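Breakdown of the fold
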Amino acid sequence: MAKVSFFLFSLFIIVASAIVNGSATTEKVGVYELKKGEMSVKFTNWGATIVSVILPDKYGKLGDIVLGYDSVKEYMNDTSYIGSVVGRVANRIAGAQFTLNGVHYRLIPNEGKNMLHGGPVGFSDVVWEVNKYKKDGDAPSIVFAYHSYDGEEGFPGALNVTVAYTLHPGNRLTVAMKAKALNKATPVNLAQHTYWNLGNHNSGDILSEQVQLFASRYTPVDSQLIPTGEIATVKGTPYDFLKPHTVGSRINKLSNGYDINYALDGVPGKLKKTAVVKDYKSGRVMELFTNQPGVQFYTANGLKDVKGKGGYVYQPHAALCLETQGFPDSVNHPNFPSTIVYPRKDYKHVMVFKFSISS
């Protein structure tokens, strides 16, 4: 599935045109860095994207553990949502349509007849404003903001969105995604789409990385990866990661790899442990916590001959994604947790990444 890119300009600092409420505005697109101790994270305001995450391994050697590109131009032409924030509604909407409060909405399809990650020009393909940028101190942070106009990609209502990235002591990165519906009820389901490889972005596949997911149920899908509406147990399936397993231990039982939403255990709306990923070669460990009901586990099945950082070519299973989210196609499944946001009741999505070295 190809995304739409409109801008081809120079490396790292570019001037791009964005359309907001029908009027053109000019925003600079750049790369911004946060540092705390030995941890460094870079971002671009094109798609509120994570560009790099640099951490030491068990030998003290620094390495970049996320897939990406060398220039902003390449992010603008990316078709895999690498590192970006996707929305207004992440994942798939069947038939690119839904009914809300008696009104039927037709969206812009971009994966066959369905909508994926917000449509042809979702939040990953726009310029975000830099609201705040604090490079240092106890909690270095950057806040990106975007105004989504009423009718954008077919969605009802104007929406103000912010994404705040903050570094904390102990190699922790928090992501706080917020949205405010201004005049109409609307579906909102934002997701952070970073591709992780704890062995380093150029270390090959992630099949030997160990994953544990704190989810005893998942949402089965049809041939188009649209949920059937069932919420099924993972017991007895290759989707069971309640106990740690390597990614590759049962992947051959699936037709293409993992690309599935899990219904997380724990109290809805409360911060809960979501996943643990370990890479034994580097010793790096990543723990993920969220307040969302689901997480999409994706093993980069669609990557093929993607030229990334330093000219390294990414192939299928070069990384894994853990996209915390509301359930896919919730707008068409009343039994799924609602993703509808109403005026005066804001959306808040929190992710906490904690990095360490295994003993």
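Quick caveat, the model's predicted, so the values are computed rather than measured.

Digging into the sheet that holds strand β6 (residues 62–64)
- If you walk across this open sheet you meet the four strands as β3-β4-β5-β6, and the pairing is antiparallel. At either margin of the open sheet sits one strand with a lone partner, and together these are β3 (31–36) and β6. Strand-to-strand twist across the sheet, computed as the mean angle between neighbouring axes with direction ignored, equals 20°.
- Sheet analysis places strand β5 (residues 49–56) next to β6, joined by three bridges and oriented antiparallel. Bridge pairing in β6 places Leu55 opposite Gly63.

Looking at the pairing of strand β15 (residues 172–181)
- Relative to β15, strand β14 (residues 159–168) runs antiparallel, the two sharing ten bridges. Bridge pairing links Val163 to Met177 in β15.
- The loop that links β14 with its antiparallel partner β15 comprises three residues; one of these, Gly170, has a positive phi angle of about 80°.
- As paired strands, β15 and strand β30 (residues 347–357) are joined by eight bridges and run antiparallel to one another. Pairing of Thr174 across the sheet is with Val352, part of β30.

Section: the environment of Gly311
- When you line up the elements, Gly311 lands in the loop between β26 (306–307) and β27 (313–314).
- With 109 residues separating them in the primary sequence, Gly311 and Asn202 have C-alpha atoms 9.6 Å apart.

Thoughts on the pairing of strand β10 (residues 103–106)
- Relative to β10, strand β9 (residues 97–100) is paired through four bridges, and the arrangement is antiparallel. Across the sheet, the residue bridging to Phe98 is Tyr105, located in β10.

Quick look at the nonpolar core
- Residues Trp128, Tyr165, Tyr262, Phe297 and Leu322 are the most contacted members of the largest nonpolar core, which totals 62 residues.
- Residues in contact with Phe297, not counting those within four places in the same chain, are Val211, Leu213, Phe241, Val247, Tyr258, Asp259, Ile260, Tyr262, Leu320, Cys321 and Leu322.
- Ranked by size, the runner-up nonpolar core spans 19 residues in total, among them Val72, Val127, Leu303 and Ala318.

So, the sheet that holds strand β23 (residues 272–278)
- Overall, antiparallel pairing links the nine strands, which are arranged β12-β13-β14-β15-β30-β24-β23-β18-β21 in an open sheet. Two strands close off the open sheet at either side, each with one partner strand: β12 (129–134) and β21 (245–246).
- Where strand β18 (residues 210–213) lies against β21, two bridges are found, and the strand directions are antiparallel. Following the sheet pairing, Val211 is matched in β21 by His245.

Analysis parameters
- Residues numbered from 1 in each chain as written.
- Predicted model: local features only at pLDDT ≥ 70, side-chain atom pairs only at ≥ 80, totals over all residues.
- Heavy atoms only, no water.
- Pairing = 2+ DSSP bridges.
- Helix = DSSP H or I, 4+ residues; strand = E, 2+ residues; numbered from the N terminus.
- Axes fitted to C-alpha atoms, helices over the stretch in contact; angles between N-to-C directions.
- Core = buried A, V, L, I, M, F, W, Y, C linked by side-chain atoms within 4.5 Å.
- Buried < 20%, exposed > 50% of the residue type's maximum accessible area, 1.4 Å probe, protein only.
- Contact = heavy atoms within 4.5 Å.

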